[in-house]
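Residues per chain, in single letters:
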Amino acid sequence: IIGCSLRDEDTFLKFALYHFGMKKNIGNFAIKIIDKGIDNCKDIETKIKNLVAYPDKQDITLYDGLVAYLEGANA
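Residues numbered from 1 in each chain as written. Predicted model: local features only at pLDDT ≥ 70, side-chain atom pairs only at ≥ 80, totals over all residues. Heavy atoms only, no water.

1. Considerations on the overall build of the chain
In terms of regular secondary structure, the chain is built from three helices and two strands. Along the chain, helices and strands appear, N-terminal first, in the series α-β-α-β-α. Expressed as a percentage of the 75 residues in the chain, the buried residues total 28%. Taking contacts inside the chain between residues at least 6 apart in sequence as the whole, the part at least 24 apart equals 60%. In the form shown here, the chain has an accessible surface area of approximately 5000 Å², with 53% of it arising from carbon and sulfur atoms. (Helix = DSSP H or I, 4+ residues; strand = E, 2+ residues; numbered from the N terminus. Buried < 20%, exposed > 50% of the residue type's maximum accessible area, 1.4 Å probe, protein only. Contact = heavy atoms within 4.5 Å. Areas by Shrake-Rupley, 256 points an atom, 1.4 Å probe, with all protein chains shown as cover.)

2. Considering the pairing of strand 1 (residues 29-35)
Relative to strand 2 (residues 58-64), strand 1 runs parallel, the two sharing seven bridges. Pairing of Phe-29 across the sheet is with Gln-58, part of strand 2. Once you follow strand 1 into helix 2 (residues 38-51) and on to strand 2, the crossover reads as right-handed. (Pairing = 2+ DSSP bridges. Right-handed = clockwise from strand over helix to strand, strands pointing away.)

3. Considerations on the packing of aromatic side chains
Applying the stated criterion to the full structure yields one aromatic pair. With 5.1 Å between their ring centres and 90 degrees between their planes, Tyr-63 and Tyr-69 make a pair best called edge-to-face. On the accessibility criterion, Tyr-69 (33% relative accessible area) is partly exposed. (Phe/Tyr/Trp six-rings, centres within 6.5 Å; stacked < 30°, edge-to-face > 60°.)

4. With respect to the pattern of salt bridges
Under the defined criterion, the tally for this structure stands at two salt bridges. We note a salt bridge from Lys-49 to Glu-45, for which the minimum N-O separation is 3.5 Å. Residue Lys-49 and its partner Glu-45 are located together in helix 2, separated by four residues, close to a single helical turn. For Lys-49, a relative accessible area of 38% puts it in the partly exposed group. (Salt bridge = Lys/Arg side-chain N within 4 Å of Asp/Glu carboxyl O.)

Printed below as a string of structure tokens:
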């Protein structure tokens, strides 16, 4: 997820996350959150965990900026 804070208007992305996050017969659902500032990433992570049916099956990785993502340095 890049450049999206999961506002109420982001219905398509919210639906996609909900749809894929509700399948319990698959392994962990990998979600990479890339945003400027780790606090912003954590806010988005919280929104995702409140949105999906199985928050414990989500493999969420936070990246403090695009450079960190490209370098593989997660927070």
